[in-house]
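The lines below spell out each chain.
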Amino acid sequence: MENNKPLIVQIRDLYKSYRRGAQIIPVLENITLDIQEGEFLALMGPSGSGKSTLLNLIAGIDGADSGNIKIGGVEITSLSETELAHWRANNVGFIFQFYNLIPVLTAFENVELPLLLTGLSKKERREHVAVALRVVGLSDRIDHYPGQLSGGQQQRVAIARAVVTDPTILVADEPTGDLDRVSAREVLDLIGRLNTESGKTIIMVTHDPRAAERAHLIKHLDKGVLHEDTKASL
Amino acid sequence: MKILKLLFKNAFRHKLRTGLTILGMTIAILAFGLLRTVVSAWYAGVEASSANRLVTRNSISLVFSLPISYKEKIRQVDGVKLVSYGNWFGGIYIDEKHFFANFAVEPTSYLELYPEIVLPPDRKDAFLRDRKGAIAGRKLAERFGWKIGDTVTLKGTIFPGNWDFVLRGIYYGRDKSTDETTLLFHWDYLNETMKKTVPRRADQVGFFMIGITNPNLAAEVSVAIDKLFKNSLAETLTETEKSFQLSFISMTEAIVVAIQLVSFVVIIIILAVVANTMAMTTRERMGEYAILKALGFGGGYIAALILGESLVITSIGSVLGVAATFPAAHYFSSALSAFFPVFNVAPGTIYMDIAASFIVGIAAAVIPALRAVNIRIADGLRRIG
Ligand SMILES: Nc1ncnc2c1ncn2[C@@H]1O[C@H](COP(=O)(O)OP(=O)(O)O)[C@@H](O)[C@H]1O
Ligand SMILES: [Mg+2]
């Protein structure tokens, strides 16, 4: 990676703990992290090390105890709940381990969902959805319900939903964790292409080395502490 | 638009559960509507009473009578336009199970005083001409299959003997609230028979019905009439027809209150049922609500989804319940005409049905909606994994 690209994510002195009864469990300690625009970062680490927690903080769906997160110039740690929701709608694409599609909506409707919060007309929405589904190779599954799709296909619909708004960052939490090898490879190919061809900034949590291999940069999280970069062997 | 679609799809995701909840709502609204109708049927006599009419009776009790000679004195009171009179006859048709109200009245003045009793002119003439003639309400005639010209025999309870009447007319109610289950016959027939059999009971009436020139004079005229007979052997009590009717109901007020209470209990029970359905549904979908929130949908959307779903369920149930209330009330009306001469579903009952379905729909969804709105996204998502 060249070093002259602008920073899209700047995390400073981030702390996060959970409270379980009277007990306080520290999860993230003093995290500082910069991510350049167009980066494809894999976050690895053992289960329970705080990967999802960190990803959620970056995606603005959880709040930190202290520290700052600045994304695309916006200090998200100081946004109100409503401002944050608005910010997420415009800036974050989510990909989850279990796809998290709405089962009563078709592939088309699921992908259209985040566009309902934009000012786009029905026609424009339809065009955007069509493009997104074409990118993930599911143009022929538009009217299928999630239950009628394989795991890999569902995850591709979820990816279409994540990119349809053209967000600033894509966050993926174990996107291949629930998939067989072949589907996993397809999904990773797709995510890789989004990075190389469309220049998307991607932060992916995984504990699968094969998945991490696709990233440009791998960071390890262990017991809440971020460790030395490991260059992916490309 | 799309959100509305999602709301409907959500509502019918669990077909059996939603179906059963709607069925419960339907039955609750039906029960509520019928119970409210029973209550208004109870007050039908009050409803039907006219502000222009007073009733004078013996001040001790309805059981005691008044001399017919009072009539002329009452007529002379200022503000009195018309005086009619009659007796509760209390005759039994075949046996007690066939109960209906029957009165001996002075027919000309009575029909003038009660314009809501509608008779074709020729029937009216036939009735007025025949001393042993009687008229019956439409529902009463239908109930026993009486036709004009039939002889109806009543067994006297207060006035002993078997009494034959010839049905000369079948009257209709001008208003929905008019009682169509009563039999009326000539007071003269009763009185002349009494003169022959029990002379000391002759020339006595149970009550005077008085038409006044202006409803605003009701209080004054009542006082004036009662003053006339103060310190006489038979003191009078005069009141508006409405309070006269109410005095009957007050005896059974506890039952009415109980019915009203039960009708609200029914709504509270269905509220618990719908609330349970909504709580289950929302708990199962917490992950989906978390996703919607993650995508940037605000609390308002989430709340609207849940409240809307609840309202869809209660509204469908309520529409079905209201639709079922009319045929059910019709059935009740014919089955219970002896007890409830007037049994109509009032518009007010329908408004209450609608209000109940809204209140239940909203109340059942408030807590689940608050939970969904306030759940932390990270926690909601965790529930899926
Ligand atoms: N809502 C929560 N309440 C309490 N503890 C939590 C909560 N979320 C996560 N944790 C704890 O925080 C730690 C990190 O969790 P997580 O970020 O999910 O780890 P990872 O994704 O690396 O497996 C774990 O010990 C987990 O049990
Ligand atoms: Mg995790």
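Residues numbered from 1 in each chain as written. Chains lettered and ligands numbered in written order. Predicted model: local features only at pLDDT ≥ 70, side-chain atom pairs only at ≥ 80, totals over all residues. Heavy atoms only, no water.

## Topic: the overall build of chain B
To be explicit about the condition: Per the convention used, a helix needs a DSSP run of H or I reaching at least four residues, while a strand needs a run of E reaching at least two, with both numbered from the N terminus. Radius of gyration here is computed from C-alpha atoms only, and the compact-globule reference equals 2.2 Å multiplied by the residue count raised to the power 0.38. The classification of residues rests on relative accessible area computed with a 1.4 Å probe and restricted to protein chains. Under 20% of the type maximum is buried, over 50% is exposed, and intermediate values are partly exposed. Any two residues whose heavy atoms approach within 4.5 Å at even a single point are treated as in contact.
Scanning chain B from terminus to terminus reveals 15 helices and 12 strands. The C-alpha atoms of chain B give a radius of gyration of 29 Å, which is well past the 21 Å a tight globule of 385 residues would have. Principal-axis analysis of the C-alpha atoms gives chain B an extent of 95 × 45 × 30 Å. When burial is assessed residue by residue, chain B has 50% of its 385 residues classed as buried. Long-range pairs, those at least 24 residues apart, make up 80% of the contacts in chain B with a sequence separation of at least 6.

## Looking at the site of ligand 1
Worth spelling out the cut-off: Proximity criterion: a residue is near a molecule or strand once any of its heavy atoms comes within 4 Å of it. By the criterion applied in these results, polar contacts are pairs of N or O atoms within 3.5 Å in which, for protein atoms, one can donate a hydrogen and the other can accept it, and in which residues neighboring in sequence qualify only through two side-chain atoms. Where accessible areas are quoted, they stem from the Shrake-Rupley method and a 1.4 Å probe; at the residue level, only the protein chains shown are allowed to cover. Note on residue classes: Ala, Val, Leu, Ile, Met, Phe, Trp, Tyr, Cys and Pro are nonpolar, Asp, Glu, Lys and Arg are charged, and everything else, Gly too, is polar.
The immediate surroundings of ligand 1 are formed by 13 residues, with Gly-48, Lys-51, Ser-52 and Thr-53 of chain A together with Arg-382 of chain B found nearest. Neighbouring residues of ligand 1 are distributed over chains A and B. In this structure, Ser-49 of chain A approaches ligand 1 through a main-chain N or O atom, which is 3.2 Å from an oxygen atom. Here an oxygen atom of ligand 1 sits 2.7 Å away from a polar atom, N or O, in the side chain of Ser-52 of chain A. For ligand 1, whose unbound accessible area comes to 560 Å², protein coverage reaches 76%. Listed by contribution, the elements that provide at least two residues to the shell around ligand 1 are strand 1 (7-20) and helix 1 (51-58) of chain A together with helix 15 (377-382) of chain B. A per-element tally of the shell around ligand 1 places helix 1 of chain A first, with three residues. In terms of residue class, the shell around ligand 1 is made up of three nonpolar, six polar and four charged.

## Some details on the packing of helix 5 (residues 151-163) of chain A against helix 6 (residues 181-196) of chain A
Residues and elements named next belong to chain A. Going by this rule: Throughout, an axis means a line fitted to C-alpha atoms (over the contacting stretch in the case of helices), and angles, computed between N-to-C directions, take values from 0 to 180 degrees. Any angle that is under 35 degrees is reported as roughly parallel, and any over 145 degrees as roughly antiparallel; angles of 65 to 115 degrees are reported as roughly perpendicular and all others as oblique. A crossing counts as left-handed when the near helix is turned anticlockwise from the far one by less than a right angle, and as right-handed when that turn is clockwise.
Running from amino to carboxyl end, helix 5 crosses helix 6 at an angle of 15°, the nearest separation of the two axes being 9 Å. As judged from the angle between their axes, helix 5 and helix 6 are roughly parallel. Judged by the sense of rotation from one axis to the other, the crossing of helix 5 with helix 6 is right-handed. Between helix 5 and helix 6, the contacting residues are Gly-152, Gln-155, Arg-156, Ile-159 and Val-163 on the first element and Ser-183, Glu-186, Val-187, Leu-190, Ile-191 and Leu-194 on the second.

## Notes on the pattern of salt bridges
Put simply, the rule is: A pair is scored as a salt bridge if a Lys or Arg side-chain nitrogen falls within 4 Å of a carboxyl oxygen belonging to Asp or Glu.
Inspection of the entire model under this criterion finds 25 salt bridges over all chains. The residue Glu-197 of chain A makes a salt bridge to Arg-193 of chain A at a minimum N-O spacing of 3.7 Å. The exposed category is assigned to Glu-197 of chain A, whose relative accessible area is 59%. Because the salt bridges share partners, they merge into one network encompassing Lys-16 and Asp-62 of chain A together with Arg-376 and Asp-379 of chain B.

## A short note on helix 9 (residues 218-228) of chain B
All names here are of chain B. We apply this condition: The arc under discussion is defined with respect to the helix axis, by the directions toward the C-beta atoms.
The complete set of buried residues in helix 9 reads Ala-218, Val-221, Ser-222, Ile-225 and Asp-226. Angular distribution of buried residues about the axis of helix 9 spans 130°; they occupy a single face of the element. When the buried face of helix 9 is taken as reference, the exposed residues oriented beyond 90 degrees from it are Ala-219, Glu-220, Val-223 and Lys-227. Check the buried side of helix 9 and you find it contacts strand 1 (53-58), helix 4 (70-75), strand 3 (80-88), strand 11 (207-212) and strand 12 (236-240).

## Details of the interface of chain B and chain A
The condition that has to hold: Buried area is a sum: the accessible area each of two parts loses on coming together, probed at 1.4 Å, counted once for each and added.
Taken residue by residue, the interface counts 22 residues in chain B and 24 residues in chain A. Summed over both partners, the interface of chain B with chain A buries about 2200 Å², with 66% contributed by carbon and sulfur atoms. Together, Lys-2, Lys-9 and Leu-295 of chain B form the three largest contributors to the area buried by chain B at its contact with chain A, with a combined 26%. On the surface where chain B and chain A come into contact, there are three salt bridges. Linking Arg-376 of chain B and Asp-62 of chain A is a salt bridge whose minimum nitrogen-to-oxygen distance equals 2.6 Å. Taken together, the connections running from chain B to chain A amount to seven residue pairs in polar contact (both at pLDDT 80 or more). If you list the elements that add at least two residues to the side of chain B that touches chain A, you get helix 1 (2-11), helix 12 (286-294) and helix 15 of chain B. Taken together, the residues of the side of chain B that touches chain A sort by class into 11 nonpolar, three polar and eight charged.

## Quick word on the packing of helix 12 of chain B against helix 13 (residues 299-335) of chain B
Residues and elements named next belong to chain B. It is at 10 Å that the axes of helix 12 and helix 13 come closest, and there the two elements cross at 145°. Of helix 13, the residues touching helix 12 (which contributes Tyr-289, Leu-292 and Lys-293) are Ile-302, Leu-305, Ile-306 and Glu-309. Broken down by class, the residue content of the contact of helix 12 with helix 13 amounts to five nonpolar, no polar and two charged.

## Some words on the domain arrangement of chain B
All names here are of chain B. Applied cut-off: Where each domain begins and ends follows an automated or database-derived domain assignment.
Looking at the assigned domains, one finds that chain B contains domain 1 (2-44 + 253-381) and domain 2 (60-234). In this structure, domain 1 and domain 2 have C-alpha centres spaced 48 Å apart. Contacts between the two partners involve eight residues from domain 1 and, on the opposite side, eight residues from domain 2. For the pairing of domain 1 and domain 2, the buried interface totals around 670 Å² over both sides, and the portion due to carbon and sulfur atoms is 48%. It is Ala-338, Pro-341 and Val-342 that lose the most area in domain 1 upon contact with domain 2, and together they represent 57% of the buried surface on that side. Counting the contacts that link domain 1 with domain 2 gives zero salt bridges. Here the side of domain 1 that touches domain 2 is composed, by residue class, of five nonpolar, three polar and no charged.

## A look at the packing of aromatic side chains
Where two aromatic rings form a pair, the distance of their centres and the angle of their planes describe that pair. Residues and elements named next belong to chain B. Stated formally: Here a Phe, Tyr or Trp ring, Trp counted by its six-membered ring, pairs with any other such ring whose centre lies within 6.5 Å, and the pair is stacked when the planes are under 30 degrees apart, edge-to-face when over 60, and tilted otherwise.
In total, this model carries 26 aromatic pairs over all chains according to the counting rule given. Here Phe-100 and Phe-144 contribute two aromatic rings whose centre-to-centre distance is 5.8 Å and whose plane-to-plane angle is 55°, an arrangement assigned as tilted. Residue Phe-100 is found in the loop between strand 3 and strand 4 (101-105), and its partner Phe-144 is found in helix 7 (residues 138-144); the two are separated by 44 residues along the sequence. Comparing Phe-100 with Phe-144 shows no difference in burial state: the two are buried. Judged by centre distance (5.6 Å) and plane angle (75°), the ring pair of Trp-163 and Tyr-189 falls under edge-to-face. You can see Trp-163 sitting in strand 8 (residues 162-173) and its partner Tyr-189 sitting in helix 8 (residues 187-197), a full 26 residues away along the chain. Of the residues examined, Tyr-189 reaches a relative accessible area of 10% and is grouped as buried. A network of ring pairs unites the aromatic residues Phe-89, Phe-159, Trp-163, Phe-165, Phe-185 and Tyr-189 as a single cluster.

## What to know about the nonpolar core
Basically, it comes down to this: Nine residue types can take part in a nonpolar core, namely buried Ala, Val, Leu, Ile, Met, Phe, Trp, Tyr and Cys, and a core is a set of them joined through side-chain atoms within 4.5 Å.
Core analysis: the largest hydrophobic core is formed by 90 residues, its most contacted members being Ile-11, Ile-31 and Leu-54 of chain A. Per-element tally for this core: the top contributor is helix 2 (residues 15-42) of chain B, with 10 residues. With residues up to four places along the chain from it excluded, the contact list for Ile-31 of chain A reads Ile-11, Arg-12, Asp-13, Leu-14, Leu-54, Leu-221, Gly-224 and Leu-226 of chain A. Among the nonpolar cores identified, the runner-up in size contains 43 residues, and Val-77, Phe-100, Ile-170 and Val-221 of chain B belong to it.

## Notes on unusual backbone geometry
The general pattern is negative phi for most residues beyond glycine and trans for most peptide bonds. Of note, the phi angle at Lys-223 of chain A is positive, near 50°, even though the residue is not glycine. Despite not being glycine, Asn-231 of chain B shows a phi value in the positive range, around 65°. Among the secondary structure elements, Asn-231 of chain B is positioned in the loop between helix 9 and strand 12. Here Asn-231 of chain B falls in the exposed class, since its relative accessible area comes to 70%.

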